[in-house]
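Letter by letter, the chains look like this.
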There are 2 protein chains.
Amino acid sequence: MTERSSAPVKMTAGTSTLDLALRALEFLVAEGSPQSLASIAKTLNASKATILRHLVTLSAHGLVSQDRDSGRYEPAVKLLVWGEAIRSRFDVVPAARDSMVRLRDRTSQAVTLCGRIDGQLVVLELIQGRTVIEFGTRAGTRLDFHASAHGRVWLAFTDDAERERLLAEPLKPWTPHTIVDPDALRAELVEVRRRGWASAPDEIIISVNALAAPIFDHRGRQVGSLAIVGATQFIPSPPLESQIHDVLAAAEEVSRSLGWRPTP
Amino acid sequence: MTERSSAPVKMTAGTSTLDLALRALEFLVAEGSPQSLASIAKTLNASKATILRHLVTLSAHGLVSQDRDSGRYEPAVKLLVWGEAIRSRFDVVPAARDSMVRLRDRTSQAVTLCGRIDGQLVVLELIQGRTVIEFGTRAGTRLDFHASAHGRVWLAFTDDAERERLLAEPLKPWTPHTIVDPDALRAELVEVRRRGWASAPDEIIISVNALAAPIFDHRGRQVGSLAIVGATQFIPSPPLESQIHDVLAAAEEVSRSLGWRPTP
DNA sequence: AATAGCGTTTCAATAAATGAAACGCAACAC
DNA sequence: GTGTTGCGTTTCATTTATTGAAACGCTATT
């Protein structure tokens, strides 16, 4: 009965009971408001009894809670705690926060911090800009390596084998401006490595640009990337000299706070 | 076989399979580094095969991932996304962030933002102070209503029935200074409501004080509380006039950004 | 070479999840 | 007031899907 279309072929079974429970939890998180047991059961095509027992276990773990009055269910505090636990695995987050706010104040643009989790490029922290437009990006968003300023920075500063592995994957053309030719990208990455920053105008969303720089730790390994994100109206291509300077300075500030020192 | 000590008597069963899987996930989150399948299985007294299948399902949902090289398992990005989803249910978080940073800059003390989730008082956001000492508080931490400045503010500004319900519960004496007498607490709450702020010196940890003020939304309902937290050396009892002013101003600033207007 | 430990697979036994139906309780309609 | 509808919850027999032991490759260490 369990029909899933995500994984193509092999797969070593898995637990359908757990799968159902996680889908229930995911449903609760996706909905913005508490949901009734009946609606959860109907959405997942399961009996109320089954869902109820899973909700009981989930709430025993503090993952969901039941509204005292309405009897409806909603995701609970434990998810916040767990999320924060994951985030705090990255020293770069607390180290960068202050610099991010200052960078936002100097540039007025939204500031994002990315880290690499399990091979993926993930937005770890976001400081909203002071411009009118607000971007939909949130902590947890995954970015493409080939079509974002953050991703370019990572590609430019990782070792050759890893870079080639990432470039070998299909490069999604988000817009007509997205660079999808591996060779063109390699040429761009050489530039990024030389000058220390990357931008990606119109490559994911038309009229949006970003300007990113790498963050290194005391061992000289890249542990994050910092970027300002804003309309091309504010972050032109190429970016303003002052913006480049501000972003590079902020990233270096964070790197230094992590013990990084420039190689002589 | 499932022995749990949290809930006292009744309880309507629950799903042991799900329980095991969640304990596995919780274990991975608690450990700071990727764990081997064998160690998870041993810790939870389950067979490797069982744990493996649960990990497969968990990773299909993006909750855990397997390190490519070591083969070990670790919690994954989805937890960050879910945590952020819970947090963004509270409009007060983005609205307060800037004011929190400014308040930290003016007072040099750590700034915390609390909200009420499912009846509990939860730290939603934390800005580290500029003092030498760093506090262990993190987002997701739950606070007592009777023994914290945040809690006092909430007690003071909620309706009588709810307040009495909370005061009826046993009041844990964290330190000799913790107010555990309901009547003494009621008298204090009258004061809090009158002056608009609360403090709680030495009540959870000796030599630590906090100064909190409420945040209201456009309908005049309390949606959060803002506090500075620091050593009594920096936040005396009673707090400095300047500190009281700064905290009240910051809280009002956030309230106004949420559409609140002072009642004439 | 040999060993130890890992993640993974297989497979039969049985324990545990499941759905249908009934229950008690609200809120609402007539 | 009485009937109806919908909710969360409980019960229970059916059987499905979870389970652990053991065996399998594999890599790293001895």
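Reading the values: rules and limits
- Residues numbered from 1 in each chain as written.
- Chains lettered and ligands numbered in written order.
- Predicted model: local features only at pLDDT ≥ 70, side-chain atom pairs only at ≥ 80, totals over all residues.
- Heavy atoms only, no water.
- Helix = DSSP H or I, 4+ residues; strand = E, 2+ residues; numbered from the N terminus.
- Buried < 20%, exposed > 50% of the residue type's maximum accessible area, 1.4 Å probe, protein only.
- Contact = heavy atoms within 4.5 Å.
- Areas by Shrake-Rupley, 256 points an atom, 1.4 Å probe, with all protein chains shown as cover.
- Lys, Arg positive; Asp, Glu negative; His and termini not counted.
- Charge placed at Lys NZ, Arg CZ, Asp CG, Glu CD.
- Buried area = accessible area lost by both parts, 1.4 Å probe.
- Salt bridge = Lys/Arg side-chain N within 4 Å of Asp/Glu carboxyl O.
- Polar contact = N/O pair within 3.5 Å; in protein donor to acceptor, adjacent residues only side chain to side chain.
- Nonpolar A, V, L, I, M, F, W, Y, C, P; charged D, E, K, R; others polar.
- Pairing = 2+ DSSP bridges.
- Axes fitted to C-alpha atoms, helices over the stretch in contact; angles between N-to-C directions.
- Least-squares fit on C-alpha atoms with pLDDT ≥ 70 in both.

Chemist: Provide a residue-level description of the overall build of chain A, including the pertinent values.
Modeler: From N to C terminus, chain A includes nine helices and eight strands. Dimensions of chain A, computed from the C-alpha atoms along their principal axes, are close to 65 × 40 × 35 Å. By residue count, 51% of the 264 residues in chain A fall in the buried class. Restricting to contacts in chain A with at least 6 residues of sequence separation, those with at least 24 account for 55%. Working note: accessible area of chain A is about 12,400 Å², and carbon and sulfur atoms make up 53% of it. For chain A, the distance from the average position of its 31 positive side-chain charges to the average position of its 31 negative side-chain charges is 5 Å.

Chemist: Would you mind going over the interface of chain A and chain B in detail, with residue names and values included?
Modeler: With 63 residues of chain A at the interface, the matching set in chain B holds 64 residues. Taking both sides of the interface into account, the surface hidden between chain A and chain B amounts to around 5,500 Å²; carbon and sulfur atoms contribute 60%. The largest contributions to the chain A side of the interface with chain B come from L80(A), W82(A) and R89(A), which together make up 13% of the buried area. Here chain A and chain B share nine salt bridges between them. The salt bridge involving E26(A) is made with K78(B); its shortest N-O contact spans 2.7 Å. On the surface where chain A and chain B come into contact, there are 19 residue pairs in polar contact (both at pLDDT 80 or more). At 11 residues, the largest contribution of residues to the side of chain A that touches chain B is made by helix α4 (residues 77-87) of chain A. Of the residues assigned to the side of chain A that touches chain B, the class counts are 27 nonpolar, 15 polar and 21 charged.

Chemist: Give a detailed account of the sheet that holds strand β6 (residues 198-199) of chain A, specifying residues and quantitative values.
Modeler: Residue and element names in this part refer to chain A. What the six strands build is an open sheet, ordered β5-β4-β3-β8-β7-β6; its pairing is antiparallel. Both outer strands of the open sheet, β5 (142-143) and β6, are each paired with one neighbouring strand and no more. Pairing of strand β4 (residues 120-127) with β5 involves two bridges; the strand directions are antiparallel. Note on β5: the bridge partner recorded for V122 is R142. Strands β3 (110-117), β4, β5, β6, β7 (208-216) and β8 (222-231) of the sheet are contacted by helix α6 (residues 149-157), whose axis makes an angle of about 150° with β8.

Chemist: So what's going on with the pattern of salt bridges? Residues and values would help.
Modeler: Throughout the structure, instances matching the rule amount to 43 salt bridges over all chains. Between R97(A) and E125(B) there is a salt bridge, with the nearest N and O atoms lying 3.9 Å from each other. Note that R97(A) is positioned in helix α5 (residues 92-107) and E125(B) in strand β4 (residues 120-127), a pairing that runs across two chains. Take R97(A) and E125(B): they sit in the same class, and that class is buried. As a salt-bridge pair, R163(A) and D160(A) come within 2.4 Å of each other at their nearest N and O atoms. Here R163(A) and its partner D160(A) are both found in helix α7 (residues 160-168), three residues apart, which amounts to about one turn of the helix. Within this structure, E84(A), R87(A), R97(A), E125(A), E84(B), R87(B), R97(B) and E125(B) form a network of salt bridges that share partners.

Chemist: Describe the pairing of strand β8 (residues 222-231) of chain B, with residues and values.
Modeler: Residues and elements named next belong to chain B. Of all 10 residues in β8, nine are buried; the element is thus mostly enclosed. Two strands pair when backbone bridges link them, and strand β3 (residues 110-117) and β8 are joined in this way by five bridges, in the antiparallel orientation. From the neighbouring strand, A110 faces β8, where its bridge partner is V229. As defined by bridge partners, strand β7 (residues 208-216) adjoins β8 across nine bridges and the pair is classed as antiparallel. Counted as the bridge partner of P214 is S225 from β8.

Chemist: For the pairing of β4(A), give the residues involved together with the corresponding values.
Modeler: Residues and elements named next belong to chain A. Within β4, seven of the eight residues are buried, which leaves the element mostly enclosed by the surrounding structure. In the sheet, β3 pairs with β4 via seven bridges, with the strands oriented antiparallel. Counterpart to T112 in the pairing with β4 is L126. Linking two consecutive strands that pair antiparallel, namely β3 and β4, is a turn of two residues; a positive phi of about 55° is found at D118 within it.

Chemist: Describe the relation of the copies chain A and chain B, and please don't skip the residues or the numbers.
Modeler: The operation relating chain A to chain B is a screw motion whose rotation component is 180°, with 0.1 Å of axial translation and a residual RMSD of 0.1 Å. In short, the pair behaves as if placed about a two-fold rotation axis. Across chain A, the rotation axis passes nearest the C-alpha of G83(A), at a separation of 2.2 Å. When the interface residues of chain A are mapped onto chain B, 98% of them again lie at the interface, so the same face is used by both copies.

Geometric values such as these leave the question of function open.
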